[in-house]
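# Chains, contacts and geometry: an overview
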Amino acid sequence: MLLATTTTPDRATADAIASALVEKRLAACVQVSGPITSVYRWQGAVETSEEWLCTAKTTVERWHDLMALVQEMHPYQTPEIIATPIDQASEAYEVWVRGEVSAE
Amino acid sequence: MLLATTTTPDRATADAIASALVEKRLAACVQVSGPITSVYRWQGAVETSEEWLCTAKTTVERWHDLMALVQEMHPYQTPEIIATPIDQASEAYEVWVRGEVSAE
Amino acid sequence: MLLATTTTPDRATADAIASALVEKRLAACVQVSGPITSVYRWQGAVETSEEWLCTAKTTVERWHDLMALVQEMHPYQTPEIIATPIDQASEAYEVWVRGEVSAE
């Protein structure tokens, strides 16, 4: 399983991506949190922006389709779409996640 | 080492789980954050709930006992109890974590 | 790539570390979030503190220098400085991260 994340410039985009990922069974569940402050370099200067974070619980098999949908819905040209591995999980939770993302 | 997480329906449950994990030396420290919005499918419809997030720093050796205690204290039948690997850490911090979870 | 995190006792320290990591090209971007509640053991009792979280997107090659700078700027003697692996990323985002941290 994977913990897949993206950051968005506003709450509405985060909510829309979260709902779409669950609706299309690309994630079993998604958590939306924020606002957070993003710090990055832009045209040589360090800038900050307010952002929102989506954290999706999914499987390796669904990663490419999840990434494609986030890319399509995201207003940035190069959004952060990354995933860290879920190495351990309670057995019942893993069964639930795999059922949610493969039931269509 | 592992970064183990669970989400709870309220702040009080998150605080109680965090305290119990540290008290019983199943985690060296736990961070509680929220509220966050969880998006998931329930009876065919996409629903949202407010939740709180616990993030525990622990070791692979303590994972099963940590999972069992969270399961026992958690009001959900199938709570999210997952862990991602900690691949890198400052040496002093790792020594501290390992000491905290094995000192009883 | 790595997702490197540290927690700080106040917002100003988190902001200063985030800016310095981006300025010195030790991270492509850093997110600051909080306040969160940290639960830990101190002199035998379970204590809580308010903290702030920095999450940095970087590469394995930059980990040691990132860790050294956080250690130098951090007010704690044994700060949490850890990293989880980024196993998947959109190709364009990975190209951007690698460019940001190696461009000096």
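The coordinates are above.
Residues numbered from 1 in each chain as written. Chains lettered and ligands numbered in written order. Predicted model: local features only at pLDDT ≥ 70, side-chain atom pairs only at ≥ 80, totals over all residues. Heavy atoms only, no water.

Below, the discussion takes up the relation of the copies chain C and chain A. Laying chain C over chain A is done by rotating through 120° and shifting 0.0 Å along the axis; what remains is an RMSD of 0.0 Å. Taken together, the rotation and translation relating the two chain copies correspond to the operation of a three-fold axis. Comparing interface residues between copies, only 8% of those in chain C also lie at the interface in chain A; the contact surfaces differ. (Least-squares fit on C-alpha atoms with pLDDT ≥ 70 in both. Contact = heavy atoms within 4.5 Å.)

Aligned on chain A, chain B shows an RMSD of 0.0 Å; the corresponding rotation is 120° and the shift along the axis is 0.0 Å. When the interface residues of chain B are mapped onto chain A, a mere 10% of them again lie at the interface, so each copy presents a different face.

Turning our attention to helix α1 (residues 11-23) of chain A. Its 13 residues give α1(A) an end-to-end C-alpha distance of 18 Å, which sits within 8% of 18 Å, the value for a rise of 1.5 Å per residue. Of the positions making up α1(A), those classed as buried are A:T13, A:A14, A:I17, A:A18, A:A20, A:L21 and A:V22. The inward-facing, buried residues of α1(A) abut β1 (2-8), β2 (29-42), β3 (45-58) and α2 (63-73) of chain A together with β2 (29-42) and β3 (45-58) of chain B. Where α1(A) starts, the residue carrying a side-chain oxygen 3.3 Å from the main-chain nitrogen of A:A12 turns out to be A:D10. Downstream of α1(A) by a residue or two, A:R25 has a phi angle that is positive, lying close to 55°. (Helix = DSSP H or I, 4+ residues; strand = E, 2+ residues; numbered from the N terminus. Expected span 1.5 Å × (residues − 1). Buried < 20%, exposed > 50% of the residue type's maximum accessible area, 1.4 Å probe, protein only. Polar contact = N/O pair within 3.5 Å; in protein donor to acceptor, adjacent residues only side chain to side chain.)

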